[in-house]
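Architecture and fold: a report
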Amino acid sequence: MASFRSSQQETHLNRARASLRQALSWYGYLRKSGNLSSNPELAGLVKPELEALTSTLSKLDSNVIRIAVFGLVSRGKSAVLNALLGDKILQTGPLNGVTQWPRSVRWQPGGKVIVELIDTPGLDEIEGDARAQMAREVARQADLILFVVSGDITRTEYQGLLELRQAQKPLILVFNKIDLYPDIDRTKIYNNLQQLGAGHGQAKPLLPDEIVMVAAEPAPMEVRVEWPDGGVSYEWETPPPQVDELKQTILNILNREGRSLIALNALIQARDAEMAIAQKTLETRAQEAEDIIWQFTKYKALAVGLNPIAFLDILGGTIADLALIRALARLYSLPMTSYEASKILKTIIFSSGGLLLGELGSSALLGLGKSTAAIASGDNPINITAFAGSAIAQAGIAGYGAYAVGKAAQVYLEKGCTWGQLGASTVIQEILAEVDQNTILYRLRQELEVKF
Ligand SMILES: Nc1nc2c(ncn2[C@@H]2O[C@H](COP(=O)(O)OP(=O)(O)O)[C@@H](O)[C@H]2O)c(=O)[nH]1
Ligand SMILES: [Mg+2]
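These figures come from a predicted structure and were not determined experimentally. (Residues numbered from 1 in each chain as written. Chains lettered and ligands numbered in written order. Predicted model: local features only at pLDDT ≥ 70, side-chain atom pairs only at ≥ 80, totals over all residues. Heavy atoms only, no water.)

**With respect to the nonpolar core**
Heads up, the condition is: By nonpolar core is meant a set of buried Ala, Val, Leu, Ile, Met, Phe, Trp, Tyr and Cys residues that side-chain atoms within 4.5 Å join together. The buried label goes to any residue with under 20% of its type's maximum accessible area, the exposed label to any with over 50%, and the partly exposed label to all in between, with areas taken from a 1.4 Å probe on protein chains only. A run of DSSP states H or I qualifies as a helix once it reaches four residues; a run of E qualifies as a strand once it reaches two. Both are numbered from the N-terminal end. For the domain bounds, the source is a domain assignment made automatically or taken from a database. Contact between two residues is taken to exist if any of their heavy atoms lie within 4.5 Å; hydrogens are not considered.
In terms of nonpolar packing, the biggest core is built from 81 residues, with Tyr27, Leu53, Leu146, Ile172, Leu246, Ile250 and Leu328 touching the most fellow members. In terms of residues, this core owes the most to one element, helix H8 (residues 244-284), which gives 16 residues. Looking at this core, you find at least three residues from each of domain 1 (63-242) and domain 2 (285-418). With near-sequence residues (within four places) excluded, Leu328 lies in contact with Ala289, Ile292, Ile293, Gly406, Ala409, Gln410 and Leu413.

Here it is as structure tokens:
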């Protein structure tokens, strides 16, 4: 089982690498100038996303797992990291604002695993937007999140926890400072946390893997010392930190699914970057796209209206729609094969709420009328009018259909660029389909699964 898991994780890493390489080579054209489809404005706009793709790929190759710690001020975030490191590397203290900026420290907990521990300021230490921005940015990069609390959860804390859940990263709730609570209280708080931690609408309590009790920097205790001569004195002694369980939990997760987590995280970042590129491409090419859609709308209306043979016009109409989709894909230079183009068309037709099915249906009826009219029109001028009437009605519907297809295709092209073979979304789905039931990833599955 262990070696199966290990090779499965390697496969996940390899697929993520392949997906990112493919994306980089696909979008690489944007960096080169003098290219036919080059567009200096667009190249400038998508530079951050291209850089994100490149750095995500190099992070993937370095095999470092990022663990970020979050929580309100003075919950002992820095102390927890120090206890894991076994050294007081990060400054801790009772005053607000000891940790001002996110900081990271390397940790080698054993074996080949390399961890980057990221310490952050308290979620309540910096104001509004800047706080949310910092939290989002750090959470986006993290492969695993530790959320530190030190007792019953406050409203602000709960809010922060829910916001972090939106980053859709595996999360361990760390209940710190247990040295301050008698056993009964501790258990009560633990049970409360277990229910709360799952977040909105999720009735499932947290698993033992997802909530751990620690005492990172226990308060000094007064101990009574009895001397051989019968004398008694009192001394302050600092008990050692209790973080072994947390350390073990982290190590279990890293061994079981660490590399899959790295792979998945890289893919999520790649997917977001690719979708941003697609969105910017669509925006910069909006006018050209509009022109293409209108051109196809007119062309299709004409072709379908004038075609006297029923069903052939439906076929012609479909071919025109497919051509339109591909023309748009070419304009945007987004990854698109003919298989994907027809998949998009099918999706568009079935999601149009019958509108485009209506187009097909009425095309068939009007087309039949039109053919009958054309056959009989030889000697009767009234039939010519009938032909023209059906043709105009049908052309109008077809034209509208093409316009709707064009508009819908833009939406699907934007979303669909990550769904091809080896596309980031496709690989994410494949990895999620394979994860074991007892993994922390399995819990994230439902939140992460996005359908096309
Ligand atoms: N009693 C007790 N105090 C702790 C524990 N961990 C941290 N502290 C204290 O809580 C205060 C805040 O710790 P710090 O790590 O700076 O919190 P941060 O703001 O969340 O990084 C410090 O005075 C620590 O000594 C613990 O396990 N038990
Ligand atoms: Mg701190």
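After presenting the structure, the write-up continues.
**Digging into the packing of helix H3 (residues 47-62) against H8**
Angle between the axes and distance between the axes: these two values describe a pair of packed helices. Where we set the bar: Whenever a helix is involved, its axis is fitted only over the stretch in contact; in every case the axis is a line through C-alpha atoms, and angles between N-to-C directions fall within 0 to 180 degrees. Small angles under 35 degrees read as roughly parallel and large ones over 145 as roughly antiparallel, with 65 to 115 read as roughly perpendicular and the rest as oblique. Note: crossing handedness is left-handed where the near helix turns anticlockwise from the far helix by less than a right angle, and right-handed where it turns clockwise.
Where H3 contacts H8, the two axes come as close as 9 Å, and the packing angle between them is 165°. As judged from the angle between their axes, H3 and H8 are roughly antiparallel. In the crossing of H3 with H8, the sense of the turn from one axis to the other is left-handed. For the pair H3 and H8, contact is made by Glu49, Leu50, Leu53, Thr56 and Leu60 and by Ile262, Ala263, Ala266, Gln269, Ala270, Ala273, Ala276, Ile277 and Lys280, respectively.

**Some remarks on the packing of H8 against helix H14 (residues 424-434)**
Worth spelling out the cut-off: Throughout this entry, Asp, Glu, Lys and Arg are counted as charged residues, while Ala, Val, Leu, Ile, Met, Phe, Trp, Tyr, Cys and Pro are counted as nonpolar. The remaining residues, Gly among them, count as polar.
Contact geometry of H8 with H14 gives a least axis separation of 9 Å together with a crossing angle of 155°. The orientation of H8 with respect to H14, classified from their angle, is roughly antiparallel. Crossing handedness for the pair H8 and H14: left-handed. Between H8 and H14, the contacting residues are Ala263, Leu264, Leu267, Ile268, Ala270, Arg271 and Glu274 on the first element and Ala424, Ser425, Val427, Ile428, Ile431 and Leu432 on the second. Taken together, the residues that form the contact of H8 with H14 break down as 10 nonpolar, one polar and two charged.

**A closer look at the site of ligand 1**
Rules: For this purpose, a residue is taken to be near a molecule or strand whenever a single non-hydrogen atom of the residue falls within 4 Å of it. In the analysis that follows, any N or O atom pair within 3.5 Å is treated as a polar contact, provided that within protein one partner can donate a hydrogen and the other can accept it, and provided that, for residues neighboring in sequence, both atoms belong to side chains. Each accessible area value is a Shrake-Rupley result obtained with a 1.4 Å probe; residue values ignore everything except the protein chains displayed when judging cover.
Ligand 1 sits among 20 residues. The nearest are Lys77, Ala79, Asp179, Ala216 and Glu217. One of the side-chain nitrogen or oxygen atoms of Lys177 is found 3.1 Å away from an oxygen atom of ligand 1. Within the side chain of Glu217, one N or O atom sits 2.4 Å away from an oxygen atom of ligand 1. Expressed as a share of its isolated accessible area of 580 Å², the protein-covered part of ligand 1 is 89%. In the shell around ligand 1, the residues fall into nine nonpolar, six polar and five charged.

**Quick word on the sheet that holds strand S5 (residues 171-175)**
Basically, it comes down to this: Note: two strands are recorded as paired if DSSP finds a minimum of 2 bridges between them.
Judged by pairing direction, the sheet is mixed, and its six strands sit side by side in the order S2-S3-S1-S4-S5-S6 without closing on themselves. The two strands at the open ends of the sheet, each matched to only one other strand, are strand S2 (103-107) and strand S6 (211-213). Sheet twist, expressed as the mean angle between neighbouring strand axes with direction ignored, is 25°. In terms of strand pairing, strand S1 (residues 64-71) meets strand S4 (residues 144-149) through five bridges, oriented parallel. The partner of Ala68 across the bridge, within S4, is Ile145.

**Regarding unusual backbone geometry**
With the exception of glycine, most residues fall at negative phi, and the peptide bonds are largely trans. Here Gln168, not a glycine, exhibits a phi torsion of approximately 55°, which is positive. Considering the arrangement of structural elements, one finds Gln168 in the loop between helix H6 (155-165) and S5. The partly exposed category is assigned to Gln168, whose relative accessible area is 23%. With phi around 65°, Lys177 is a residue other than glycine that occupies positive phi space. The exposure class assigned to Lys177 is partly exposed, which follows from its relative accessible area of 28%.

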